[in-house]
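The chain contents come next:
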Amino acid sequence: MTTDSIREFYKSKNVLVTGGTGFMGKVLIEKLLFSVPDIGNIYVLMRPKKGKSVNQRYEDMQRLPIFDRLRNTKPSSLKKIVPLTGDVLFDDFGLSESDMQKISEDVSIVFHFAATLKLEAPLYENVNMNTCGTQRALNVAKKLKNLRLFIHLSTAFCYPDYAVLEEKMHAPPVKPSDIMHLLEWLDEKKVAILTPSLLGPHPNCYTFSKRLAENIVENEYENLPAVVVRPSIVCPSIKEPVPGWVDSLNGPVGLMLGAGKGVIRSMLCDGSLIAQVVPVDTCINALIAIGMIEGKREDKAELMPVYNVNIGHQKPTTWGEVLQIGKDYGRKYPLAWPLWYPNGDITTNYVLHEFKRLFYHLLPAYCIDLLLFLLRQPRFMVRVQDRISQGLQVLQYFTMRPWTFPCPNFDSIQSKLDKEEQVIFNTDLTTADRDAYLQQCIEGGRIFCLKEDPSKIRINRAYHNFLFVLDCLVKILFWLLLLSFFAAYFTPLRDVLSYGEPVVKYLPFVGRVVCDKE
């Protein structure tokens, strides 16, 4: 079988990236600049944010740890990043006439990553960004004179009504154009009222809007070369640019860190199910390779190509195994200053989960806020737990049911690369060390998200041991208090406990109830 060269394909080609400041976007930019040295310019769509101009955000982005190896080994390559002031919420991205003219002449490949990842966000926000934003991106792509490929980043979870999601398109529950027109006619409040009747089988507005976006890309396929790429849950990097790189608390990493901090102690999750995940650098390698494979096609495929990007079948790991590995590593190398001893668990029992949520999440949060109120300090724990509850409610839909994503197109990528590029743009993790990777995820979250100092593990461990003892004492006192309550109202139980009076009389709460002679 003949193989093609990714580096040769991208040589001197200019690419446009939407969502380039996001988690996956930054990894894509870094990988292209590092592994494709002869690539042309990378145009990155950026908008002013939080009082910072596009140039300020661009300078801040270059200083991030993700670009360390570029700054150290290929600093001149960073000059190939060309920030464009624009936003997918506007027609033509709101670009100036000169910028639009420039990219129409220069750009060959479009990576459309821009999306809102807020699963709990309302329909109006999700559709405007994910669905309408994709239509606007396609409209821009059709103006590019040298376009070779439009790569749309979707999600493998946008078809919840299919037990097995193959690498092909499926019809949406409603026409995307109807939903987009609805946003033009109605305000946000009225759209929110209609949302439940529109979602159909979808658990949230995010998957619904991404499914509509796929259909929009499919409808435009006859007008421009396009491909849909559906990653599963994107997790920290396994190797590049540094092992464990992550800059967001979305997904499993946020859950692991939240559990390690003692604020997440129960979650609805079936531990026997396979975790359908993919490291971000593996996903980016696949996206870059797909750009070459589909961009070099001489004859356009009859049906739009679709790639499911997932390693759940390459390295099967259950959610229960993920939890246990995370627990074991967290006890050995604990996070700094957890709120309580991190000993959370998963369950498929809704009643048990709600019981734990009440006693382990909400009750401690109210107690802490009451203490802060008495000390005249700002209260925050109830607000934090409300956000955690909302996040868990959204994520639990995905962790309580099996997902199957056949990936023949994704699995074939390696065979289409030469030996050298199979290593540089690796997408095969069958021989990867699972335990080491999960440990890297925790360390990446510790360093890049929580900004903790790994050299202070000994202090963390001492505090962790203190919390363990405190946790045991509180649990003992709680059960003794509960036992004393039952003993006070049930004479047979009190009579049974009285046989152990020499010992029972020294027990807090219980001793007083059982041994009170009056």
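Residues numbered from 1 in each chain as written. Predicted model: local features only at pLDDT ≥ 70, side-chain atom pairs only at ≥ 80, totals over all residues. Heavy atoms only, no water.

### Here we look at a nonpolar patch on the surface
Now for step 1: On the surface, Phe 478, Trp 479, Leu 482, Phe 485, Phe 486, Tyr 489 and Phe 490 cluster together into a nonpolar patch covering about 760 Å² of accessible area.
Now for step 2: Within the secondary structure layout, Leu 482 lies in helix α18 (residues 457-489).
Now for step 3: Taking relative accessible area as the criterion, Leu 482 reaches 31% and is therefore assigned partly exposed. (Patch = residues over 30% accessible without salt bridge, like charges linked within 9 Å, V, L, I, M, F, W, Y side chains within 5 Å. Areas by Shrake-Rupley, 256 points an atom, 1.4 Å probe, with all protein chains shown as cover. Salt bridge = Lys/Arg side-chain N within 4 Å of Asp/Glu carboxyl O. Helix = DSSP H or I, 4+ residues; strand = E, 2+ residues; numbered from the N terminus. Buried < 20%, exposed > 50% of the residue type's maximum accessible area, 1.4 Å probe, protein only.)

### With respect to the environment of Pro 83
Now for step 1: Of note, Pro 83 is situated in strand β3 (residues 81-85).
Now for step 2: Taking the C-alpha atoms as reference points, Pro 83 and Ile 42, separated by 41 residues in sequence, lie 8.3 Å from one another.
Now for step 3: With residues near it in sequence (within four places) discarded, Pro 83 still touches Val 44, Met 46, Val 54, Asn 55 and Tyr 58. (Contact = heavy atoms within 4.5 Å.)

### With respect to the pairing of strand β5 (residues 149-153)
Note on strand geometry: in a regular strand, side chains alternate between the two faces of the sheet.
Now for step 1: The element β5 is extensively covered by neighbouring structure, given that five of its five residues are classed as buried.
Now for step 2: Both faces of β5 are covered, namely the face carrying Leu 149, Ile 151 and Leu 153 and the face carrying Phe 150 and His 152.
Now for step 3: Inspection of the sheet shows β5 paired to strand β6 (residues 226-231) by four bridges, in the parallel sense. Opposite Phe 150, over in β6, you have Ala 226 as the bridge partner. (Pairing = 2+ DSSP bridges.)

### Side note on the side chain of Thr 134
Now for step 1: Turning to its location among the elements, Thr 134 is positioned in helix α6 (residues 123-141).
Now for step 2: A relative accessible area of 0% means that Thr 134 is categorised as buried.
Now for step 3: A distance of 3.2 Å separates polar atoms of two side chains, one belonging to Thr 134 and the other to His 112.
Now for step 4: Polar side-chain contacts of Thr 134 include one of 2.6 Å to the backbone oxygen of Asn 130. (Polar contact = N/O pair within 3.5 Å; in protein donor to acceptor, adjacent residues only side chain to side chain.)

### Details of the nonpolar core
Now for step 1: Core analysis: the largest hydrophobic core is formed by 126 residues, its most contacted members being Tyr 10, Ile 103, Phe 111 and Leu 287.
Now for step 2: The greatest single-element share of this core, amounting to 10 residues, is contributed by helix α11 (residues 280-295).
Now for step 3: Setting aside anything within four residues of it in sequence, one finds Ile 103 in contact with Leu 16, Tyr 43, Leu 84, Leu 95, Val 140 and Leu 144.
Now for step 4: Among the nonpolar cores identified, the runner-up in size contains seven residues, and Leu 497, Val 504, Val 510 and Val 514 belong to it. (Core = buried A, V, L, I, M, F, W, Y, C linked by side-chain atoms within 4.5 Å.)

### Remarks on α6
Now for step 1: Along its 19 residues, α6 runs 25 Å from first to last C-alpha, staying within 8% of the 27 Å computed at 1.5 Å per residue.
Now for step 2: Along α6, the helix axis deviates most sharply at Gly 133, where the bend reaches about 35°.
Now for step 3: Taking burial as the measure, the 19 residues of α6 include 15 buried ones, the bulk of the element. (Expected span 1.5 Å × (residues − 1). Bend = angle between axes of the 7 residues up to and from the residue.)

### Observations regarding the packing of helix α2 (residues 23-35) against α11
Now for step 1: Running from N to C, α2 and α11 cross one another at 60°; their axes reach a closest spacing of 10 Å. In terms of orientation, α2 lies oblique with respect to α11. For the pair α2 and α11, the crossing hand works out as right-handed. Taken together, the residues of α11 that come into contact with α2 (itself represented by Phe 23, Met 24, Val 27, Leu 28, Lys 31 and Leu 32) are Val 280, Asp 281, Cys 283, Ile 284, Asn 285, Leu 287 and Ile 288.
Now for step 2: Per-class residue counts for the contact of α2 with α11 are 10 nonpolar, one polar and two charged. (Axes fitted to C-alpha atoms, helices over the stretch in contact; angles between N-to-C directions. Parallel < 35°, antiparallel > 145°, perpendicular 65-115°, else oblique. Left-handed = near helix turned anticlockwise from the far one by under 90°. Nonpolar A, V, L, I, M, F, W, Y, C, P; charged D, E, K, R; others polar.)

### Description of the packing of helix α7 (residues 176-185) against helix α9 (residues 205-219)
Now for step 1: Between α7 and α9, the least distance of the axes is 9 Å, while the angle of their chain directions is 120°. What the angle tells us is that α7 and α9 run oblique. From α7, Pro 176, Ile 179 and Met 180 reach across to α9, where they touch Phe 208, Leu 212, Asn 215 and Ile 216.
Now for step 2: By residue class, the composition of the contact of α7 with α9 is six nonpolar, one polar and no charged.

### Details of unusual backbone geometry
Now for step 1: That bond from Glu 240 to Pro 241 is cis: its omega, -5°, falls within 30 degrees of zero.
Now for step 2: Phi is positive for Phe 93, close to 60°, though the residue is something other than glycine.
Now for step 3: Within the fold, Phe 93 resides in the loop between β3 and α5 (97-106).
Now for step 4: Residue Phe 93 is classed as buried on the basis of its relative accessible area of 1%.
Now for step 5: A positive phi angle is found at Phe 509, which is not glycine, with a value near 70°.
Now for step 6: As for its position among the elements, Phe 509 is in the loop between α20 (501-504) and α21 (510-515).

### Regarding the sheet that holds strand β1 (residues 14-18)
Now for step 1: An order of β3-β2-β1-β4-β5-β6-β10 is seen for the seven strands of this open sheet, with the pairing classed as parallel. Either end of the sheet is taken by a strand with one partner, and the two such strands are β3 and β10 (306-309). On average, each strand axis in the sheet is tilted by 20° relative to the strand beside it, whichever way the strands run.
Now for step 2: Sheet topology places strand β2 (residues 42-46) next to β3; five bridges connect them, and they run parallel. By the bridge assignment for β3, Tyr 43 is matched with Val 82.
Now for step 3: Running at roughly 150° to β3, helix α3 (residues 54-62) makes contact with β2 and β3 of the sheet.
Now for step 4: Those strands touched by α9 are β5 and β6, and its axis lies near 165° from that of β5.

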